[in-house]
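Residue-level structural notes
Chain residues, written in single-letter form:
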Amino acid sequence: MNSTKALLATPGTVLLVAAAGCLLIGWPASAQDGPHLGIIQPGGMPAWPVITGIARDTNGVGVTWDGPSGYYRLFQSPNLRNPNWQPVGGPNPNRIATLSVASSNAFFRVSGPAPQFAGSQACLECHQDTHDTVMKTRHSSATISVTFLAQGGQTNGACLRCHSVGNGLPTGFSLLSVTPQLAGVQCENCHGPAANHAANPDDPTVRPRVELAATVCGGCHNASWVPAAVAASHRPYYEEWNTSGHRAVRTELQADFAGSQGATVYIPSCGRCHSGTVRESLLEHEPLPDGHEAGAVGIACATCHDPHQEYAHTNVLSGLMTNELTGAIITNNQLGMIYTNQLRYPLASTNDYFLSTSDVFTNKYDPDINVCAQCHNHRGAAWSSSSRAPHHSPQYNMLLGTVGELDLGTPSNRPASHALFEKQCVRCHVQAADAVSATQPAVSGHSFQVQSFDTCRECHPQPELLVQFTTTAVSNQIQFVKGLLDQWAATKAPEALRTKYGALAWEYTNPGDLSAGTAGPSSSEQTLIPVNIQKARFDLYLVLYDGSYGVHNGPYAITLLDTAQNWVQEELNQ
Ligand code: HEC
Ligand code: HEC
Ligand code: HEC
Ligand code: HEC
Ligand code: HEC
Ligand code: HEC
Ligand code: HEC
Ligand code: HEC
Ligand code: HEC
């Protein structure tokens, strides 16, 4: 142990990596992401400095680069033909520098710490729990899996950069017989070279980066950089995720997070579902991030996956679970069996769940709720709230039939047959497939859209037609009930509302998407709206904002709309 320590403690010589770039105009978007990994690199966390942005702003020129934690130095030269590299500023641990330059076309390069890899054995001493769980994921066997060996991966650099630690670098993986400690995907793929940290754990400047952004996983989990011969077994996780609504915090919320009510309102209440960094802080019981940081990472890979976890879940529907590695069906108390795709609860859950603004996250958090339902729940929506329509996220409760108003009040449970799939939402929204041919490439399911109806054919002979029929019928009924509400507004609404708000007389104070206009009856005027109308608009918006137009829970959606229709009709008949 001591000799390893002595070896690890050898101070990393400063390695010059020629990452030169020329001054461009305008800030690239990535420059805003200063501390986050702004690029994807095969192998995960880059082990060497890479310049990610050079741009002029009002203060001068901003240069950003990426690489592992440690000290860097920035150099500039007026040209490349006859370079005269001059240091700019002193050693810099921040991976961002702003300088005022004289020359309008300066070139820059960055030198950084030499990558010193240690291998996860060196982390054991202090991070035993993490080490033990990471070793049980498929990451740890990425160099030695039977298929990888069969495909010649073990001696192919084009494969090893994603299937081992630091391949191609002096202290990285070379051959299994020479560097067995660096085989597989390990800590240092995601955290950067960490030998200096292992030797000097108290030195904050070499503490490995903890990166939540999807770029760290995306460097390997993409189909773009994989040799064509093995494209069939590699799925475009990063590419598809990058097209989804999960990829980033929506722009207006980024502004809200950074605004004056960010820390008091938006970050704690909206951030729990809309921001990867806020959610991570809540899950880890850490202080909430600031406004910029809260807006920096969307629903990233590590928001749904937990790279440090092995989970053994019981399928609530059958009491059984399947070991992903062997395909064997196992029972919960069978020791040594692991179900891991590093996910925070991949299976179905059937108990009602929602997270309202007033809920303390840690009191309400339930790790046994389906991963999608953790956020796609009704958020505490109630017919009696009059300021705005229920949120766009009631999918889980719609699936279970636990939100909405019926004649007898809020139903306790009207689950769709679709709620009883083993993986619930995932069966329809996360459908992965290997490549079939060049024109039918692999799919990862990470656009989270319903990309194929094949899975439906087990129960519906013509799912496309059924979907078309159902969504058309539900859309039409939504418009019909909306028309009745407009009719009520025009003919039956109390005079005060009718004259002041016209067709908006039935709406929320902040009208929903069914109406044009921005101001409905004020909160005091809302009491003039009959309860029947308030309940009807609530049901109507639940079905609309569920977004599936009756696919999730067809019979229940229709029941809600029928009930709403009857209530409005009653008011019209008065
Ligand atoms: C001798 C003990 C020791 C060893 C060996 C060690 N670490 Fe650490 N590590 C620490 C301490 C102490 C911290 C700081 C913990 C804290 O601040 O909460 C830390 C923090 C970290 C962090 C989190 C940094 C952060 O900002 O939260 C990462 C990632 C990490 N270590 C990775 C590694 C890896 C990878 C290895 C193996 C190559 C390793 N460590 C080996 C003691 C060690
Ligand atoms: C596949 C990528 C990946 C691998 C492999 C990995 N980590 Fe992490 N690690 C992360 C991410 C992402 C986070 C932040 C999110 C989280 O905590 O779940 C993190 C967080 C950490 C933290 C911060 C505190 C904590 O526990 O959340 C430490 C310490 C850490 N990792 C150490 C290690 C060590 C040691 C290993 C190897 C035994 C390792 N990690 C392997 C991705 C990885
Ligand atoms: C850009 C990074 C990258 C490169 C390059 C790469 N892989 Fe992979 N490989 C992955 C990832 C990530 C996975 C996990 C599955 C996925 O994400 O599609 C994987 C999975 C695999 C698997 C499935 C593992 C198993 O045991 O079933 C095999 C086999 C494999 N790769 C072989 C290769 C071979 C052979 C090469 C080189 C010809 C290669 N890979 C190059 C990233 C890469
Ligand atoms: C319980 C989790 C949760 C909370 C808390 C939450 N949201 Fe959402 N929100 C979602 C989900 C899930 C969607 C996506 C629904 C969809 O695309 O159908 C969404 C969608 C949105 C949309 C897009 C609606 C549209 O027009 O498509 C906006 C805007 C939004 N949320 C704003 C907010 C604000 C502002 C807050 C805080 C006051 C907030 N959200 C709190 C889960 C939540
Ligand atoms: C919104 C949640 C969510 C996000 C974000 C997400 N995933 Fe997934 N991922 C899932 C679910 C759910 C599954 C399981 C699908 C299944 O079991 O059929 C999965 C499966 C996977 C698998 C296959 C696991 C296995 O056991 O074969 C990989 C690899 C993966 N995801 C990588 C990624 C990467 C890389 C990212 C980021 C670019 C990412 N995921 C982002 C939810 C997510
Ligand atoms: C250095 C490249 C690399 C990085 C970085 C990386 N992965 Fe992987 N990942 C792989 C490879 C290769 C496999 C397949 C290993 C095998 O099956 O042999 C894999 C497998 C997986 C699986 C299936 C594992 C299981 O246990 O069932 C998941 C899920 C996954 N990765 C998620 C992530 C997430 C999330 C991140 C980022 C936090 C990440 N990976 C970062 C290369 C990488
Ligand atoms: C951490 C919270 C969170 C989790 C977990 C989550 N989502 Fe989302 N999802 C959101 C938010 C927030 C949005 C809205 C993003 C926006 O429009 O700003 C969203 C949007 C969507 C959309 C709308 C389509 C799109 O691309 O805009 C779909 C579909 C979706 N999610 C499906 C899923 C599925 C399936 C899962 C589980 C595998 C899942 N989500 C897990 C928060 C989450
Ligand atoms: C039976 C398959 C199925 C199941 C199960 C399912 N969905 Fe859907 N979902 C659909 C279909 C089909 C649509 C309509 C898609 C479209 O319009 O492209 C949809 C629409 C949506 C939308 C709105 C789409 C958008 O782009 O804004 C969201 C969000 C969503 N589902 C999330 C979920 C969540 C979360 C779950 C689990 C609680 C779930 N779904 C369960 C099939 C399903
Ligand atoms: C395991 C069987 C099963 C699978 C798989 C399945 N469904 Fe269903 N689906 C049902 C049943 C049963 C109903 C009747 C309503 C109920 O029981 O909730 C239904 C109802 C529906 C409805 C509403 C019809 C109505 O008039 O109420 C639509 C639309 C629908 N499914 C679409 C899909 C789509 C799209 C998929 C695949 C993405 C799918 N289903 C997969 C069993 C299934």
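Owing to the predicted nature of the structure, the values given are computational and were not obtained by experimental measurement.

1. Some thoughts on the nonpolar core
Counting 38 residues, the largest nonpolar core has Met398, Ile478, Trp488, Trp506, Tyr541, Val543 and Val568 as the members making the most contacts within it. Per-element accounting of this core gives the leading share, 9 residues, to helix H20 (residues 531-546). Contact partners of Met398, with chain neighbours within four places excluded, come to Val403, Leu542, Val543, Asp546, Asn553, Tyr556, Ala557 and Leu560.

2. Focus on the packing of helix H10 (residues 251-258) against helix H11 (residues 262-274)
Between H10 and H11, the shortest axis-to-axis distance is 8 Å and the interhelical angle comes to 140°. The angle between the axes of H10 and H11 places the two elements in the oblique class. Across the interface between the two elements, Leu253, Asp256 and Phe257 of H10 pack against Gly262, Tyr266, Ile267, Cys270, Gly271 and His274 of H11. By residue class, the composition of the contact of H10 with H11 is 5 nonpolar, 3 polar and 1 charged.

3. A few points about the side chain of Gln41
Mapped onto the elements, Gln41 comes out in the loop between strand E3 (24-25) and strand E4 (50-57). The class of Gln41 is buried, set by a relative accessible area of 13%. The residues contacting Gln41, other than those within four sequence positions of it, are Pro46, Trp48, Val50, Gly219 and Trp225.

4. What about H11?
It helps to recall that an α-helix has 3.6 residues per turn; residues three or four apart then point in one direction. Given a rise of 1.5 Å per residue, 13 residues ought to cover 18 Å, yet the end C-alpha atoms of H11 are separated by just 13 Å, more than 12% below that figure. Bending of H11 peaks at approximately 30° at the position of Pro268. Within the span of H11, buried status applies to Gly262, Ile267, Ser269, Cys270, Gly271, Arg272 and Cys273. In this structure, the buried side of H11 is in contact with H10, helix H12 (276-283), helix H13 (291-294) and helix H15 (361-364).

5. Focus: the site of ligand 1
Among the 13 residues in the neighbourhood of ligand 1, the closest are listed as Ala122, Cys123, Cys126, His127 and His197. One nitrogen or oxygen atom from the side chain of His197 is found 2.7 Å from a nitrogen atom belonging to ligand 1. At a separation of 3.4 Å, an oxygen atom of ligand 1 approaches a polar side-chain atom of Arg207. Contributing elements (two or more residues each) for the shell around ligand 1: helix H2 (121-124), helix H6 (187-191) and helix H7 (195-199).

6. What about the confidence of the model for the protein?
Here the protein averages 87 in pLDDT, and 88% of its residues register 70 or above. Note that residues 1-34 has pLDDT below 50 and, in this model, 67 contacts with residues that lie over four places away or in other chains.

7. Observations regarding the coordination of the iron atom of ligand 2
Within the first shell, the iron atom of ligand 2 binds the protein through His191 (NE2) and His308 (NE2), at distances of 2.0 to 2.1 Å. Of note is the iron atom of ligand 2, whose 6 donor atoms meet at the metal with angles of 87 to 179° in an arrangement that counts as octahedral. Residue His191 is located in helix H6, and its partner His308 is located in the loop between helix H14 (301-304) and strand E10 (320-322); the two are separated by 117 residues in the primary sequence.

8. Description of the packing of helix H18 (residues 463-491) against helix H21 (residues 554-573)
Axis separation between H18 and H21 bottoms out at 10 Å; the angle between their running directions is 20°. By the criterion of interaxial angle, the relationship of H18 to H21 is roughly parallel. Crossing handedness for the pair H18 and H21: left-handed. Every residue of H21 that contacts H18 at Val474, Gln477, Ile478, Phe480, Val481, Leu484, Leu485, Gln487, Trp488 and Thr491 is listed here: Ile558, Leu561, Asp562, Ala564, Gln565, Val568, Gln569, Glu571 and Leu572.

9. Focus: the coordination of the iron atom of ligand 5
For the iron atom of ligand 5, the protein coordination sphere consists of His305 (NE2) and His446 (NE2), at 2.0 Å. One way to put it: the 6 donor atoms around the iron atom of ligand 5 meet at angles of 88 to 180°, and that makes the site octahedral. Highlighted residues: His305 in the loop between H14 and E10 and His446 in the loop between helix H17 (425-429) and H18, separated in sequence by 141 residues. Of the residues examined, His305 reaches a relative accessible area of 25% and is grouped as partly exposed.

10. Considerations on the site of ligand 9
In the vicinity of ligand 9 lie 18 residues, with Ser417, His418, Cys456, Cys459 and His460 positioned nearest. Here Ser417 contributes a side-chain N or O atom positioned 2.5 Å from an oxygen atom of ligand 9. A distance of 2.8 Å separates a nitrogen atom of ligand 9 from a polar side-chain atom of His418. Those elements that place two or more of their residues in the shell around ligand 9 are H17, H18 and H21. Top contributing element to the shell around ligand 9 by residue count: H18, with 3 residues. Split into classes, the residues belonging to the shell around ligand 9 amount to 10 nonpolar, 7 polar and 1 charged.

11. Considering the side chain of Ser164
With respect to the helices and strands, Ser164 occurs in the loop between helix H5 (157-163) and H6. Within polar-contact distance, the side chain of Ser164 engages the backbone oxygen of Leu160 at 2.8 Å. Apart from the residues lying within four places of it in its own chain, the contact partners of Ser164 are Thr143, Phe173, Leu182, Gly184 and Asn189.

12. Some words on the pairing of strand E8 (residues 96-99)
Burial along E8 is one-sided: Ala97 and Leu99 are buried, and none of Ile96 and Thr98, which face the opposite way, are. In this structure, strand E5 (residues 60-66) lies alongside E8, joined through 4 bridges in antiparallel fashion. The partner of Val61 across the bridge, within E8, is Leu99.

13. Brief notes about the pattern of salt bridges
Applying the stated rule across the entire model yields 11 salt bridges. Between Arg250 and Glu252 there is a salt bridge, with the nearest N and O atoms lying 3.1 Å from each other. Residue Glu252 is classed as partly exposed on the basis of its relative accessible area, which comes to 46%. In this structure, a network of salt bridges that share partners links the residues Asp66, Arg209 and Glu211.

14. Notes on the packing of aromatic side chains
The full count for this structure, using the stated rule, is 6 aromatic pairs. Taking the centre distance of 5.8 Å and the plane angle of 35° together, the rings of Tyr238 and Trp241 count as tilted. Taken together, the residues Tyr238 and Trp241, both in helix H9 (residues 237-241) and 3 residues apart, mark about one turn of the helix. Site record: aromatic cluster; members linked through ring pairs are Trp506, Tyr508, Tyr541 and Tyr545. Geometry around Phe421 places Arg427 over its ring, the cationic atom sitting 4.7 Å from the centre. The cationic tip of Lys535 hangs over the ring face of Trp383; the distance from NZ or CZ to the ring centre is 5.2 Å.

Definitions and limits used
- Residues numbered from 1 in each chain as written.
- Chains lettered and ligands numbered in written order.
- Predicted model: local features only at pLDDT ≥ 70, side-chain atom pairs only at ≥ 80, totals over all residues.
- Heavy atoms only, no water.
- Core = buried A, V, L, I, M, F, W, Y, C linked by side-chain atoms within 4.5 Å.
- Buried < 20%, exposed > 50% of the residue type's maximum accessible area, 1.4 Å probe, protein only.
- Helix = DSSP H or I, 4+ residues; strand = E, 2+ residues; numbered from the N terminus.
- Contact = heavy atoms within 4.5 Å.
- Axes fitted to C-alpha atoms, helices over the stretch in contact; angles between N-to-C directions.
- Parallel < 35°, antiparallel > 145°, perpendicular 65-115°, else oblique.
- Nonpolar A, V, L, I, M, F, W, Y, C, P; charged D, E, K, R; others polar.
- Expected span 1.5 Å × (residues − 1).
- Bend = angle between axes of the 7 residues up to and from the residue.
- Near = heavy atom within 4 Å.
- Polar contact = N/O pair within 3.5 Å; in protein donor to acceptor, adjacent residues only side chain to side chain.
- pLDDT = per-residue confidence, 0-100.
- Donors = N, O, S within 2.8 Å, 3.2 Å for Na, K, Ca; no water.
- Tetrahedral: all angles 85-135°; square planar, octahedral: opposite > 155°, others 65-115°.
- Left-handed = near helix turned anticlockwise from the far one by under 90°.
- Pairing = 2+ DSSP bridges.
- Salt bridge = Lys/Arg side-chain N within 4 Å of Asp/Glu carboxyl O.
- Phe/Tyr/Trp six-rings, centres within 6.5 Å; stacked < 30°, edge-to-face > 60°.
- Lys NZ or Arg CZ within 6 Å of the ring centre and 35° of its normal.

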